[in-house]
Structure formats: structure tokens, C-alpha cells
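Here are the chains, one letter per residue:
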Amino acid sequence: MRRRDFVGATAGAFALGGCSPPAAEITGGFTGIDIARGHALRDGALRAKPPAQVRRTRAVIAGGGIAGLAAARALRQSGVEDFVLLELEDTAGGNSRGGVVGGIACPLGAHYLPVPGDDAPEVQDLLEEFGLRQRVAGRWQYNERHLCHSPQERIFFEDEWHEGLLPVQGVGATALAQYRLFGQRIEALQAAARFVIPTLHAPLSPTLLALDAVTFADWLDREGFDEPHLRWYLDYCCRDDYGADAAHVSAWAGIHYFASRHGFHAPGDGSEERDAVLTWPEGNGWLARRLAQPLGDRLRCGQVVTRIAETREGVEVDVFDVTSKSLVRWQAERCIVALPVFIAARVVESPPPALRNAAAHVAYAPWLVANVHLRAPLADRPGAAPSWDNVVYGTRGLGYVDARHQTLDPTPGPTVLTWYRPLGPSRHDTGDGRRLLLERPWSGWRDELLAELSLPHADLRTQATRIDITRYGHAMAMPTPGLLRRLGAQAPSVGRLAFAHADWSGYSIFEEAFTRGHLAGLAVQR
């Protein structure tokens, strides 16, 4: 057995081998998402009830993720104050919510935002509004307090830490040569087609559609990129952004990861430094909270949308209020459907063809996010210094980020590590990831996490006090082959309904969700 295979196998040994818990004194449990609410909607348990009351407003936003929050901001900017935003969970933000463990803020999902390029003016404007960037002497500057501090990332490889996430030391001349060739190929594709974020700001050219038609793994095989370390890194990148590996996402998606932003920088090419990213202890929850803050009682959480229907006079939106345990009917002129397409297709009466098509073809990757509270900093292994993003080569998880990395207080103290574990299809997970996510007990995930992160940190079990785990059964859309062509560039606006969600881009990142929500809000106002 090769060492990288041994590392991956060891990380899952506790969870899969039936061993007794290694640290029974560690407390914790599942938190952050009320799965029962979503399942009640799925099973139709709430639809048959008559509404207990009827309320009226000008516009309803169904869904309080980033797209819904962006739509609410756009309405307010346009002078529309008479609206309501209905959110399933107890807080808004979707996959960009934050939490607190042991008094320390930490992410429950997305944990950073790359500095947006000029193809994302809507996001740039938001960052200016939040004071994250400003014009100084004719140039845009970002607030350094919110940029990720150095060191930014490292990888645990061959028993020590190394800078960056691409294995370099001891990988051999063949690997280094393929790194350089892959970088050159990405650069050539950037010149041949427009890879932009958000995707709706660029046409679907023949080059993009051709890449969309095949898997990334098949494209890599065809191009001769077969070096194991490069393939591990590319699988890691696909699992990081899409929840599934290169054998299950399109070549467009695998290339878009690099070509739409920073390119691919091979060691020694003089441009190894990654583009800057914005991050906070609570991750993108920092952004979600500021988007939600001005809404006041227009933001209504604990609302399970069960029906959206156009009428002669406008739109009816039925919701089950979790607190009052009653059904409320909202009547409005317009509705922005900022829901995942599989949910939208369930609740919209007579769904338009574009929605039925999207729901039939968008597949989702389940995810698990675990926050580990530590009573004191962990003992480190040789090599690169502790970083914001810390990845263990060859394991099932994607590594962890440290909530204290951005602190200005150098005094060692308790912290929270946030560990990410995608469960979409990959060589690590060949079965039903969603079933595994829901059926494995908290202790099983605890043991897998402890086994994996104990490889670089032998004292993890003694320093950990609590592990809170958030489960997302449909965390993000996977850009599978052909999805880009099937979805097209624009989300539909049909009658009195406007659709806005990152699902319409075929993959889930902040810029896609925010831009689609913003544009839907402007369209409804008009």
C-alpha cells in the first residue's frame, strides 16, 4: 500500500471499523440545520392544511440564502420597502451562515470570498458599501483587516507541513513538468474563451460548451495529465468547490475553477502567490449577517414555504410558521423564488418548463461542516507555520481553517477549527453520501475527524472539548457534464415569478448567488 493510500485509509479507520470512541469526554452534537423541517416539506405533511390567516405585501422573497438576501437589498435600494423575506431556518444566510462554539465565532459553511474581478460589479458594489474596499489615489484598495492574513495555506505531506496546497518536495521531475504544462494549458484556454464569475455575464461559447460535454477526468486523460500528485490536487479543488471529484464534474467546471480567477501557478513560474481572499472568524456569515441586519421584521425565519401560485390578482405564497404551528398565506404582486431548484419545483404550482428542466438535471453534493473547540493551541509538526487553511494530503476531508487566524491578539488561547467533509461522489465516497450523512451518528463523524486530524496533531484528542456538526443534505449543485448547456445562462422570469439561486449557474458560490438575487430584485422592482 502506498503511503498516500495508507493516510486516506487511516483517516476513516475509527469511523468505519467499529472502534470504541477515542475521546468520550468530548461533548457535541448535530446543530445548525433543522433537517425535520425540510423533510416535512418533502413528504407533503404541511400542504393540506388550510391557512389560518392571510397577510398582504407588495413582494415576497421565498428563501433567505445569499440570493434572497441580495434580492431584499436590491428592493430596498430601489425604494421598495413593502416586502417580506421567508426563511426556512432560524437564521438567514443559507450555506453562508456563521455560528459560535465555546464563545468563539466560526463558520457553518462557506468561509471566504475571493476578491472579485471586474466581471462581478454587483459584488464589488456590496463590498464598497460594507467598507471592505475604497478608492485611494485613483486605485481600489481592500481593507487589510479583512483580507486573509499570511500564511494563507499549507499541506501536510510526507510527515511535515509545506507551504501551498500543491505537493512539491520529493514529487519528482515528471510531476513538476506536468504542473508547468497544466498551467500553460489553462493560460491558453483563458485566451481562447471567457471564463467569468458570475457566469451569466458571459456567453456560452462553443469552447465552453465543448468542455461542458465531458468529465474533467476524461479531459485530463485525453490531454495526458496523469501524474498522481497533480490529479490529487485537481480532485481536491473540484471537491472543494463542487463537492465531487474530477470524474464526476465537467471539464468546464474543473478548468473554470482556475481560469475564471487566478489561473494555475506552477512552482517556479514566478507567480505562485494566490489572489487575495476576504475572510472572517465566522466565514461568510459576516456578510450574511450584514445583509440581513437592515431587514428588521421583514425577515421572517422558521417559515416553511409549501406553495407558490400565480392568481389573477397576483401571487399567493403559503408558509408553515414553525413558532405558531399554523399556515399563513401571503398575497403579493410579485414573488422572487430564491429557493434551490429541487425545492422550487415542489412548491411552485404548474412550474414552468425551465424550472422542471433544471430540477430534473441538477444534482447535489451533501456536505458536513464540523467545528472543533480546543482548550489550547495544538502542538505542531515540522515545516511551514500554522496557517488559515490547513490540508492533510490524501484524506477524505478538505482540511480545516482556524477561527483565530485573523485575530490581532498574539496571546495563545482557545480556538475553533472548522473541518470540511464533502460527501459527493468521489473515490472516497462511492455510495449514497446523503444517506451516510443522515444515518451515521455524531460519534462516527467525531471519530473520523479525530483520526484524520490526529495525523498532523497527535494531541488533538486531549485538547478538543466540543465538536458541533452541521449537515447539509443538498449543500451545493454539482456541475456535472452537460449541465451548463441544459441550464443556459439566464434564470427564468415567468409571469409574476422571478427565479434567483446559485443553482441556475450550476454550482454554488457567493458571487453567483448574490448577483442572481440582485438582478431578480431589480427586475421585480421594474
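Please read all numbers here as calculations on a predicted model, not as lab measurements.

## Some points on the sheet that holds strand β15 (residues 315–321)
Here's step 1: Taken in spatial order, the four strands of this open sheet run β2-β16-β15-β14, and their pairing is mixed. Taken across any chain shown, the strands that pair with only one partner, and hence form the sheet edges, are β2 (53–56) and β14 (303–310). When the angles between neighbouring strand axes are averaged without regard to direction, this sheet yields 25°.
Here's step 2: As defined by bridge partners, β15 adjoins strand β16 (residues 326–332) across seven bridges and the pair is classed as antiparallel.

## Description of unusual backbone geometry
Here's step 1: Cis geometry marks the peptide bond from Ser150 to Pro151, where omega comes out at -5°.
Here's step 2: Mapped onto the fold, Pro151 is located in the loop between β9 (139–142) and β10 (153–157).
Here's step 3: Geometrically, the link from Ile197 to Pro198 is a cis peptide bond, its omega value of 0° lying close to zero.
Here's step 4: Mapped onto the elements of the fold, Pro198 is located in the loop between α6 (173–192) and α7 (206–212).
Here's step 5: Positive phi outside glycine occurs at Lys325, with the angle close to 55°.
Here's step 6: Within the secondary structure, Lys325 sits in the loop between β15 and β16.
Here's step 7: Notably, Ser350 is not glycine yet its phi reads approximately 50°, a positive angle.
Here's step 8: Relative to the assigned elements, Ser350 resides in the loop between α12 (341–347) and α13 (353–361).

## Topic: the packing of aromatic side chains
Here's step 1: Evaluation of the coordinates by the stated rule reveals 22 aromatic pairs.
Here's step 2: Aromatic pair Phe342 and Tyr364: ring centres 5.0 Å apart, planes at 65°, arrangement edge-to-face. One end of the pair, Phe342, is in helix α12; the other, Tyr364, is in strand β18 (residues 363–374), and 22 residues separate them in sequence.
Here's step 3: Assessed through its relative accessible area of 21%, Phe342 is described here as partly exposed.
Here's step 4: The exposure class assigned to Tyr364 is buried, which follows from its relative accessible area of 10%.
Here's step 5: These aromatic residues form a ring-pair network of at least three members: Phe182, Phe216, Trp219, Phe225, Tyr233, Tyr257, Phe258 and Phe264.
Here's step 6: Over the face of the ring belonging to Trp161 we find Arg154, whose NZ or CZ atom lies 3.7 Å from the ring centre.
Here's step 7: Against the face of Phe30 rests Arg471, its NZ or CZ located 3.6 Å from the ring centre.

## Describing the environment of Pro479
Here's step 1: Within the secondary structure layout, Pro479 lies in the loop between β22 (464–478) and α17 (483–487).
Here's step 2: As a C-alpha pair, Pro479 and Ala251 span 228 residues in sequence and 9.3 Å in three-dimensional space.
Here's step 3: The contact partners of Pro479, leaving out residues within four places of it in the chain, are Tyr242, Val249, Ser250, Trp252, Ala253, Gly506 and Tyr507.

## Points about the pairing of β22
Here's step 1: In terms of burial, β22 is a largely internal element, 11 of the 15 residues being buried.
Here's step 2: Where strand β1 (residues 27–30) meets β22, four bridges bridge the pair, whose relative direction is parallel. Within β22, the position partnered with Gly29 by the bridge is Asp468.

## Re the sheet that holds strand β19 (residues 389–392)
Here's step 1: Read across the open sheet, the eight strands follow the order β1-β22-β18-β21-β20-β19-β10-β11; overall the sheet is mixed. What marks the edges here is a single partner per strand, and that holds for β1 and β11 (160–163). Taking each pair of neighbouring strands and ignoring which way they run, the sheet shows an average axis angle of 25°.
Here's step 2: Where strand β20 (residues 400–402) meets strand β21 (residues 415–422), three bridges bridge the pair, whose relative direction is antiparallel. By the bridge assignment, Tyr400 is partnered in β21 with Trp419.
Here's step 3: Along the sheet, helix α9 (residues 228–242) contacts β10, β18, β19, β21 and β22; its crossing angle with β22, the most-contacted strand, is approximately 85°.

## Here's the deal with the packing of helix α4 (residues 66–77) against helix α11 (residues 285–292)
Here's step 1: It is the contact of α4 with α11, at a shortest axis distance of 9 Å, that shows an interaxial angle of 35°. Note that α4 runs across α11; the crossing there is left-handed. In contact with Ile66, Leu69 and Arg73 of α4, α11 contributes Ala288, Leu291 and Ala292.
Here's step 2: A per-class count over the contact of α4 with α11 returns five nonpolar, no polar and one charged.

## Notes on α6
Here's step 1: With 20 residues, α6 extends 29 Å between its outermost C-alpha atoms, agreeing within 8% with the 28 Å of an ideal straight helix rising 1.5 Å per residue.
Here's step 2: Against the buried residues of α6 lie α7, α8 (216–223), α9 and α10 (251–259).

## Here's the deal with the packing of α8 against α9
Here's step 1: Two elements in contact, α8 and α9, have axes whose closest approach is 12 Å; the angle formed by their N-to-C orientations is 155°. Relative to α9, the element α8 is oriented roughly antiparallel. Crossing handedness for the pair α8 and α9: right-handed. Facing Phe216, Ala217, Leu220 and Asp221 of α8, the residues of α9 in contact are Arg231, Leu234 and Cys238.
Here's step 2: Grouping the amino acids of the contact of α8 with α9 by side-chain chemistry returns five nonpolar, no polar and two charged.

## A closer look at the confidence of the model for the protein
Here's step 1: Put simply, the protein has an average pLDDT of 91, and 93% of its residues get 70 or more.
Here's step 2: Ignoring residues within four places in sequence, the model shows residues 1–21, a span with pLDDT below 50, making 40 contacts including any to other chains.

## As for the nonpolar core
Here's step 1: Grouped together as the largest cluster of nonpolar side chains are 59 residues, with contacts concentrated most on Phe182, Phe216, Trp219 and Phe264.
Here's step 2: Those elements giving two or more residues to this core turn out to be β10, α6, α7, α8, α9, α10, β18 and β22.
Here's step 3: Excluding residues within four positions of it along the chain, Trp219 makes contact with Phe182, Arg185, Leu189, Leu211, Val214, Phe225, Ala251 and Ile255.
Here's step 4: Core analysis: the next-biggest nonpolar cluster, separate from the first, contains 41 residues, Leu75, Leu126, Leu147 and Ala338 among them.

Conventions used here
Residues numbered from 1 in each chain as written. Predicted model: local features only at pLDDT ≥ 70, side-chain atom pairs only at ≥ 80, totals over all residues. Heavy atoms only, no water. Pairing = 2+ DSSP bridges. Helix = DSSP H or I, 4+ residues; strand = E, 2+ residues; numbered from the N terminus. Axes fitted to C-alpha atoms, helices over the stretch in contact; angles between N-to-C directions. Phe/Tyr/Trp six-rings, centres within 6.5 Å; stacked < 30°, edge-to-face > 60°. Buried < 20%, exposed > 50% of the residue type's maximum accessible area, 1.4 Å probe, protein only. Lys NZ or Arg CZ within 6 Å of the ring centre and 35° of its normal. Contact = heavy atoms within 4.5 Å. Left-handed = near helix turned anticlockwise from the far one by under 90°. Nonpolar A, V, L, I, M, F, W, Y, C, P; charged D, E, K, R; others polar. Expected span 1.5 Å × (residues − 1). Parallel < 35°, antiparallel > 145°, perpendicular 65-115°, else oblique. pLDDT = per-residue confidence, 0-100. Core = buried A, V, L, I, M, F, W, Y, C linked by side-chain atoms within 4.5 Å.

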